[in-house]
Amino acid sequence: MDDGLAGFVYRSGRWEFREEPLERFVRWALEEQVVPAKVLPRYRRVYRVVKGEQRRFKRDQWWTSRKSVVDQDKHEAMRQRQEAERAEREARRQEREEAAEQRRKELEEQERIRQAAESEALRLQREKEAHLRLEDARRRWDEADARRERERVEHEARLAREQAEREEKERQDLATARAWWGRMSPQQQTELFVAVAEYAWRESSVRVEVPKKPMMWPQYARGVPLYVPGRRRTLYCVVRPCPDLIASCPDVAKELILTRSAQEARELADVLPTDRIVHLNLPEHEQLTMC
């Protein structure tokens with residue numbers, strides 16, 4: 001027998017197929033060791049693996065042992081008892097929830113009344129605070145206006161001081177630069193720029209623009225920048241930047257520096273890299289004050 005014979009497994013609460021030889025089944029049936037038994041509706045589904053695939057069957061009756069019949073009845077009684085207990089627990093839970101809901105509604109009503117009273121008190125408090133804030137805002141506006149006026153006066157005074165400091169520094173820098181350039185006469189200046197032009201042509205094969213009236217540039221430590229003419233007008237060198245003004249013009253250290261004599265080169269070497277300084281070795285002779 002491979003169909004129609006089954007046993008009830010109490011632990012899992014379901015019927016399972018039993019496969020037995022036909023001769024044994026006939027003997028069990030004659031000896032009433034297996035009897036036909038009705039399957040309760042809940043247990044009519046049964047599963048079986050057929051050719052590696054689990055399939056579901058439905059049976060209303062089995063050949064089975066009397067023990068399996070008893071086990072089915074016991075399991076059904078246990079299941080009904082559990083369902084009754086669940087129903088009772090569900091009823092008690094629902095009663096608790098209903099009581100809790102009623103209590104929640106009562107608390108909500110109490111809370112609504114309390115909040116209404118608080119809202120009214122809060123409204124009155126806010127009106128009072130709004131009045132105080134308005135008074136405070138007016139006071140702060142007046143203070144802010146006074147503070148802005150003070151800051152304006154202080155800012156203008158600071159700008160005036162800074163302008164005076166810049167003008168004083170400019171005056172001092174100009175005096176320092178004039179003293180530096182005043183060490184040469186006009187003839188020596190002309191001689192110097194002619195020598196610079198010759199140096200540029202000799203060493204770099206470029207012609208530099210020598211202005212008719214050389215101007216001291218603040219960004220080059222009051223030295224005179226000379227450019228290579230062309231579309232881009234490239235800076236070639238800076239002539240005689242003032243040693244005392246180098247500290248405020250750090251970019252000068254990147255440029256080629258040309259000086260008149262070895263003495264000037266030594267003075268500049270104290271504040272600039274020596275590899276960027278070239279002196280033209282012009283003779284030292286009587287120097288007149290620069291006008």
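In what follows, the structure referred to is the one given above.
These lines cover the structure that appears in this document, whether it is placed above or below. (Residues numbered from 1 in each chain as written. Predicted model: local features only at pLDDT ≥ 70, side-chain atom pairs only at ≥ 80, totals over all residues. Heavy atoms only, no water.)

This next bit is on the pattern of salt bridges. Going through the model one piece at a time under the given rule, you end up with 36 salt bridges. E168 serves as the salt-bridge partner of R171, at 2.4 Å between the closest nitrogen and oxygen. Here E168 and R171 lie together in helix α2 (residues 66–181), a separation of three residues that amounts to about one turn. One salt-bridge network, in which partners are shared between bridges, spans D136, R139, R140 and E143. (Salt bridge = Lys/Arg side-chain N within 4 Å of Asp/Glu carboxyl O. Helix = DSSP H or I, 4+ residues; strand = E, 2+ residues; numbered from the N terminus.)

On to helix α3 (residues 186–204). The end-to-end C-alpha separation of α3 is 27 Å, in line with the 27 Å expected for 19 residues at 1.5 Å each. For α3, the set of buried residues is Q188, Q189, L192, F193, A195, V196, Y199 and A200. Projection of α3 onto a plane perpendicular to its axis shows the buried side chains occupying an angular sector of 160°, all on one side. More than 90 degrees from the buried face of α3, the exposed residues found are Q187 and R202. Where α3 is buried, its residues contact α2, β7 (224–228), β8 (234–239), β9 (257–259) and β10 (277–279). (Expected span 1.5 Å × (residues − 1). Buried < 20%, exposed > 50% of the residue type's maximum accessible area, 1.4 Å probe, protein only. Arc of directions from axis to C-beta. Contact = heavy atoms within 4.5 Å.)

This brings us to unusual backbone geometry. At S205, a residue that is not glycine, the phi angle is positive and equals roughly 60°. Relative to the assigned elements, S205 resides in the loop between α3 and β7. You can call S205 exposed: its relative accessible area is 53%. Phi is positive for A221, which is not a glycine, with a value near 55°.

Within the open sheet, the four strands sit side by side as β7-β8-β9-β10. Their pairing is mixed. Among the strands making up the open sheet, the edge pair consists of β7 and β10. Taken over all neighbouring pairs, the strand axes of this sheet differ in orientation by 30° on average, direction set aside. Of the pairings in the sheet, the one linking β7 to β8 comprises five bridges and is antiparallel in character. Each residue of the ladder has a partner; that of P225, found in β8, is V238. Relative to β8, α3 is tilted by about 135°, and along the sheet it contacts β7, β8, β9 and β10. (Pairing = 2+ DSSP bridges. Axes fitted to C-alpha atoms, helices over the stretch in contact; angles between N-to-C directions.)

Let's shift gears to the environment of R276. Relative to the elements of secondary structure, R276 occurs in the loop between α4 (262–269) and β10. A relative accessible area of 30% means that R276 is categorised as partly exposed. For the pair R276 and R166, spaced 110 residues apart in the sequence, the C-alpha separation amounts to 30 Å. Once you skip the residues sitting within four places of it in the chain, R276 turns out to touch A253, K254, E255, L256 and I257. Of the polar contacts made by the side chain of R276, one reaches the backbone oxygen of K254; its length is 3.0 Å. (Polar contact = N/O pair within 3.5 Å; in protein donor to acceptor, adjacent residues only side chain to side chain.)

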